[in-house]
Amino acid sequence: LGIADGFAVDDPRRGELLERLTRYAQAQGNFDDAETFGQQAILAQHWAWGSDHDRTLQAIETLARIYSKIARYAQEKPLLERALALREARIFDDPALLTKALCALGEFWLAVERPDQAETPLRRALHLANERLDRLAAQRLPILTMLTDVCVRQKKLDEADSLAHEAHWLAQKISRPRYHS
């Protein structure tokens, strides 16, 4: 943190540097440092930009992903819920970011073996993606895949089959080259 300490607490460069250090430490598999840098990045981005700014939200989501990778679900969950609440308050800014936040919460519930809890955020994410097919088509595929998993775990096999077919159709559509005449 020595380099970051050279910046004032509300200097945006401090938050940016700490975010980079977080990602670097994570990429190196150094999750202790990644966690420390991630916590500091959240504070720095909050001081520089405010609690509901995109940079602060990204820092929160980054730390949540770190906790997910090291299976610290008790620490991950409140971060995901905080990010989701802030994204919901700003839905009209960028629905794709809200969709990602909903997916992250769904993934969390799947990781802790609670498919019943995963279903609601994933269905909301799919609804948002379906409403904005032009911009969020690529996000639909992982949502459909996770929802299929949820339905299988809940023994809703007919719905799982239907979702799997939709995911397969979408994967083929996305992978097909587009020809313009």
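Small disclaimer: the values here were computed from a predicted structure and weren't measured. (Residues numbered from 1 in each chain as written. Predicted model: local features only at pLDDT ≥ 70, side-chain atom pairs only at ≥ 80, totals over all residues. Heavy atoms only, no water.)

## Considering the overall build of the protein chain
The helix and strand inventory of the protein chain stands at eight helices and zero strands. Order of helices (α) and strands (β) in the protein chain, N terminus to C terminus: α-α-α-α-α-α-α-α. With the C-alpha coordinates of the protein chain rotated into their principal frame, the extents come out at 55 × 45 × 30 Å. Among the 181 residues that make up the protein chain, the fraction classed as buried is 38%. Within the protein chain, contacts between residues separated by at least 24 positions form 55% of all contacts whose residues are at least 6 apart in sequence. As presented, the protein chain carries roughly 10300 Å² of accessible surface, and 53% of it is formed by carbon and sulfur atoms. (Helix = DSSP H or I, 4+ residues; strand = E, 2+ residues; numbered from the N terminus. Buried < 20%, exposed > 50% of the residue type's maximum accessible area, 1.4 Å probe, protein only. Contact = heavy atoms within 4.5 Å. Areas by Shrake-Rupley, 256 points an atom, 1.4 Å probe, with all protein chains shown as cover.)

## Observations concerning the packing of aromatic side chains
Applying the stated criterion across every chain yields a total of two aromatic pairs. Taking 6.0 Å as the distance between ring centres and 70 degrees as the angle between the ring planes, the aromatic pair formed by Tyr73 and Phe108 counts as edge-to-face. Taken as a pair, Tyr73 in helix H4 (residues 73–89) and Phe108 in helix H5 (residues 95–111) lie far apart in primary sequence, 35 residues in all. Between Phe108 and Trp109 the ring centres are 5.0 Å apart and the planes differ by 70 degrees, which places this aromatic pair in the edge-to-face class. Residue classification places Phe108 among the buried positions, given a relative accessible area of 4%. A connected cluster of aromatic rings, assembled from ring pairs, spans Tyr73, Phe108 and Trp109. (Phe/Tyr/Trp six-rings, centres within 6.5 Å; stacked < 30°, edge-to-face > 60°.)

## Regarding the nonpolar core
Counting 44 residues, the largest nonpolar core has Leu79, Leu122 and Ile143 as its most contacted members. Elements with a minimum of two residues in this core: helix H1 (12–27), helix H2 (31–49), helix H3 (54–69), H4, H5, helix H6 (115–131), helix H7 (133–153) and helix H8 (157–175). Looking at this core element by element, the count peaks at eight residues for H5. (Core = buried A, V, L, I, M, F, W, Y, C linked by side-chain atoms within 4.5 Å.)

## Things to note about H2
Note: α-helices contain 3.6 residues per turn, so residues at a spacing of three or four share the same orientation. Its 19 residues give H2 an end-to-end C-alpha distance of 26 Å, which sits within 8% of 27 Å, the value for a rise of 1.5 Å per residue. Residues of H2 that are buried: Ala34, Glu35, Phe37, Gly38, Ala41, Ile42, Ala44 and Gln45. Along its buried surface, H2 packs onto H1, H3 and H4. Positive backbone phi, at 105 degrees, marks Gly50, one or two positions downstream of H2. (Expected span 1.5 Å × (residues − 1).)

## Concerning the layout of surface pockets
What the largest pocket holds in volume is close to 410 Å³. The wall of the largest pocket is formed by 21 residues, among which Arg65, Lys100, Cys103, Ala104 and Glu107 lie closest to the centre. Those elements that place two or more of their residues in the lining of the largest pocket are H3, H4, H5 and H7. When the residues that make up the lining of the largest pocket are grouped by side-chain class, the tally is ten nonpolar, four polar and seven charged. (1 Å grid on protein atoms, 1.4 Å probe; cavity = no way out; pocket = protein on both sides within 12 Å on 5 of 7 lines; lining within 4 Å. Points joined across faces, edges and corners; volume = space filled by probe spheres on them. Nonpolar A, V, L, I, M, F, W, Y, C, P; charged D, E, K, R; others polar.)

## Topic: the pattern of salt bridges
Counted under the stated rule, the structure contains 15 salt bridges. Put simply, Arg114 and Asp116 hold a salt bridge, and the shortest N to O gap is 3.0 Å. On the accessibility criterion, Asp116 (39% relative accessible area) is partly exposed. Linking Glu166 and Arg140 is a salt bridge whose minimum nitrogen-to-oxygen distance equals 2.7 Å. (Salt bridge = Lys/Arg side-chain N within 4 Å of Asp/Glu carboxyl O.)

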